[in-house]
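Results of the structural survey
Residue strings, one per chain:
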Amino acid sequence: MGLKTVQQYKDSLKDGRVVYYKGELVADVTTHPDLSVAVDTMALDYHLAELPEFRDLATVDDEVLGERINRYYYLPKNGDDLLKQFELIVASTRMGDGFIPLAHDIGSDALNAISITANSMGNQEYIQRIENYRTYLKKTDLAVVTAMTDVKGDRMLRPSDPEQNHADYYVRVVDKNDKGIIVRGAKIHITGAPYSNEIFVIPSRAMSEADADYAVAFAIPVNTKGIKMVCRPFQGHISSLEFPNSRPVRVHTDALIIFDDVFIPWERVFLCGEWKHSATLVYNFALMHRRTGCAYRIPMSEQFLGVAKAIADYNGISNAPHVREKLTELVIYLETLRSMSRAACLDFVTYGGIAVPNPISTNIAKYYFANEYHNVIKIIEDLAGGVLVTAPSYKDYLVPELQGDIDKYLSAKKGYPAEQRLRMLDLIRRISGADRETIALHGEGSLQAQRMTILAEARQVIGQCQKMVEQQAEIV
Ligand SMILES: Cc1cc2nc3c(=O)[nH]c(=O)nc-3n(C[C@H](O)[C@H](O)[C@H](O)COP(=O)(O)OP(=O)(O)OC[C@H]3O[C@@H](n4cnc5c(N)ncnc54)[C@H](O)[C@@H]3O)c2cc1C
């Protein structure tokens, strides 16, 4: 028990879980040629905590247990706790070359959101259960992901609406007994689930009274009977590496998780029918997770600035006025995201006894990141030039009668050989693909979700501003 090593994490995944990948049932995710690459990405969280230089960031002395625990499962009490967790996510994403390890962060966002919900309900049973589960995670250092997004069916219809094709587009309770509940339904896009230990399942929206069966939250081991996971294929990521690469490939997959009448013991159930509190859980998870999402994007934005400057240097255009303008845009992008995210942690508010990042600045930071993302990619594509998509492959470069020509014609500024330029273009293709564009838009909720939250959260400030100008106009 206690902090897990990389090897202990990997060994823990050999547990009979049901994972499908490209039409096949996977016997062992840790030895599968593609999935093992994703396992290594998640393992970075455990690796980082083993390194002496990250020990104080990745772990913390827990005053409740009197033990050193993973920082993610520590209850945040103030802005400093939130900021340290934020810096931990930044550090681990940097270590993953811009890929998030994901072993603990999204799970800890759900853990804290459930604690807040239980505390604000004042439900002693739920408070005790989630505290017991937090203690279990502190002692076991398990990898936990969060399954929030339901498959949803017709988006304009409520979960229980009889007009939906069937009643299972949102995960729901289909039976209960004195030992626990039985759930059915499916969650989609769940990153890292096939190689995590446990899954938090939470509702994806506010529920009405008619949707009470859908107001359900729980945590269960990934190998629980009745759970099937179907992975997004990701061979493309690996084969897009044109150049020999000694740095490990980092990648994740996202799963469709099918819950085929799965039994959940009561001690793992944190919401069951209390439909009025579904909104509190959804709201708090989205808030915590948007702060986490901003942390993911700082190392990515550092990459964007770095590749833009590098390729501009290689093309000899760094000092052109429009290029300096574009580099300035990228600096503004990175530093606005960094400073707003840090400020959101320090300007925290307390919900249900737990510190959470400032809701308005968190949502604005996430919205800003996502809304400007495509402009940032446009700048990089512009600076790189058309060769970004038309460059010959490394296999062509290795042909003896072509190598001299490629060296001659695809070099640009003196001092930067063609191979260096082509390697940088390969990195740009990998970090700016359509999958990253989509996750920037939809990850942690679509743009519209942040706009709605910003407007709702700003009600008070809008009212104050209106009152102020009405006083200045001597209307009131
Ligand atoms: C790569 C990736 C990884 C992800 N990882 C996770 C994860 O680990 N866990 C998790 O829980 N989720 C995860 N997500 C899900 C992510 O949070 C969702 O993609 C996001 O919330 C949008 O939901 P959706 O994809 O179902 O979009 P859709 O609901 O299909 O939305 C499509 C469009 O329809 C609009 N729309 C939807 N409903 C309505 C409505 N009622 N009225 C008006 N307009 C509407 C949306 O605004 C959007 O413009 C991930 C997503 C991606 C892309």
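Residues numbered from 1 in each chain as written. Predicted model: local features only at pLDDT ≥ 70, side-chain atom pairs only at ≥ 80, totals over all residues. Heavy atoms only, no water.

1. Focus on the overall build of the protein chain
- Secondary structure summary: the protein chain contains 17 helices and 14 strands in total.
- Taken over the C-alpha trace, the protein chain has a radius of gyration of 24 Å; the compact-globule value for 476 residues is 23 Å, and the two agree within 12%.
- When the backbone C-alpha atoms are referred to their principal axes, the protein chain occupies close to 75 × 75 × 55 Å.
- Of the contacts formed within the protein chain by residues at least 6 apart in sequence, a portion of 76% connects residues at least 24 apart.
- Of the roughly 20900 Å² that the protein chain leaves accessible, carbon and sulfur atoms contribute 55%. (Helix = DSSP H or I, 4+ residues; strand = E, 2+ residues; numbered from the N terminus. Rg over C-alpha atoms; globule rule 2.2 N^0.38 Å. Contact = heavy atoms within 4.5 Å. Areas by Shrake-Rupley, 256 points an atom, 1.4 Å probe, with all protein chains shown as cover.)

2. What about the pattern of salt bridges?
- This structure, assessed with the given rule, holds 29 salt bridges.
- For glutamate 198, the salt bridge is made with arginine 268, and the minimal N-O distance between the two is 2.8 Å. Pair noted here: glutamate 198 is in strand E8 (residues 198–201) and arginine 268 is in the loop between strand E11 (254–265) and strand E12 (269–272), with a separation of 70 residues, a long-range link. (Salt bridge = Lys/Arg side-chain N within 4 Å of Asp/Glu carboxyl O.)

3. Topic: the sheet that holds strand E5 (residues 144–147)
- A sheet is described by the order of its strands in space; here four strands give the open sequence E5-E8-E9-E12, paired in mixed fashion. At either end of the open sheet lies a strand with only one pairing partner, and these are E5 and E12. Across the sheet, the mean angle separating the axes of adjacent strands is 20° when strand polarity is ignored.
- In this sheet, E8 lies alongside E5 in parallel orientation, the contact comprising four bridges. Following the sheet pairing, valine 144 is matched in E8 by glutamate 198. (Pairing = 2+ DSSP bridges. Axes fitted to C-alpha atoms, helices over the stretch in contact; angles between N-to-C directions.)

4. A word on the site of the ligand
- Within the structure, the ligand sits among 17 residues, and Met148, Thr149, Lys152, His189 and Thr191 are positioned closest to it.
- Lysine 152 places a polar side-chain atom, nitrogen or oxygen, 2.7 Å from an oxygen atom of the ligand.
- Here threonine 191 contributes a side-chain N or O atom positioned 2.8 Å from a nitrogen atom of the ligand.
- Bound to the protein, the ligand loses 64% of the 970 Å² it would expose on its own.
- Among the secondary structure elements, those contributing two or more residues to the shell around the ligand are E5, strand E7 (180–191) and helix H15 (434–442).
- The biggest single contributor to the shell around the ligand is E7, with three residues.
- Among the residues forming the shell around the ligand, the class breakdown is six nonpolar, seven polar and four charged.
- Residue-level mapping places the shell around the ligand at the junction of two domains, with at least three residues from each of domain 1 (6–275) and domain 2 (281–472). (Near = heavy atom within 4 Å. Polar contact = N/O pair within 3.5 Å; in protein donor to acceptor, adjacent residues only side chain to side chain. Nonpolar A, V, L, I, M, F, W, Y, C, P; charged D, E, K, R; others polar. Domains from an automatic or database assignment.)

5. Re the sheet that holds strand E10 (residues 227–231)
- If you trace the six strands from one edge of the open sheet to the other, you get E2-E1-E10-E11-E7-E6, paired in mixed fashion. The open sheet terminates on both sides in strands that have one partner only, identified here as strand E2 (24–25) and strand E6 (172–176).
- Alignment of strand E1 (residues 19–21) against E2, held across two bridges, turns out to be antiparallel. Note that in E2 the partner of tyrosine 21 across the bridge is glutamate 24.

6. Side note on the domain arrangement of the protein chain
- Its domain assignment divides the protein chain into domain 1 (6–275) and domain 2 (281–472).
- For domain 1 versus domain 2, the separation of C-alpha centres amounts to 25 Å.
- Across the boundary between the two partners, domain 1 contributes 46 residues, which contact 38 residues of domain 2.
- Contact between domain 1 and domain 2 buries roughly 3700 Å² in total, counting both sides, with carbon and sulfur atoms accounting for 70%.
- Of all residues in domain 1, Phe86, Ile116 and Phe243 bury the most surface against domain 2, accounting for 20% of the area lost on that side.
- Measuring nitrogen to oxygen at the nearest pair gives 3.8 Å for the salt bridge that ties aspartate 109 to arginine 291.
- Here domain 1 is connected to domain 2 by 10 residue pairs in polar contact (both at pLDDT 80 or more).
- Elements that contribute at least two residues to the side of domain 1 that touches domain 2 include exactly helix H4 (79–95) and helix H5 (105–121). (Buried area = accessible area lost by both parts, 1.4 Å probe.)

7. Things to note about helix H8 (residues 278–315)
- Under the 1.5 Å per step criterion, the end-to-end length of H8 is 53 Å for 38 residues, consistent within 8% with the ideal 56 Å.
- In the structure, H8 departs most strongly from a straight axis at isoleucine 298, where the bend amounts to approximately 25° and where the proline proline 299 lies between one and four residues downstream.
- In the stretch just after H8, glycine 316 is the one whose phi turns positive, near 80°. (Expected span 1.5 Å × (residues − 1). Bend = angle between axes of the 7 residues up to and from the residue.)

8. Topic: the side chain of threonine 146
- Its location among the elements puts threonine 146 in strand E5.
- Of note is the side chain of threonine 146, whose polar atom sits 2.9 Å from the backbone oxygen of isoleucine 106.
- Apart from residues lying up to four places away in sequence, threonine 146 is in contact with Ile106, Gly107, Ala110, Ile190, Phe200, Ile202 and Phe285.

9. What about helix H9 (residues 321–346)?
- Between its first and last C-alpha, H9 extends 37 Å over 26 residues, near the 38 Å set by a 1.5 Å rise per residue.
- Three or more residues of H9 are buried, namely Val323, Leu327, Leu330, Tyr333, Leu334, Leu337, Ser341, Ala344 and Cys345.
- At its buried positions, H9 is contacted by H4, H8 and helix H10 (359–384). (Buried < 20%, exposed > 50% of the residue type's maximum accessible area, 1.4 Å probe, protein only.)

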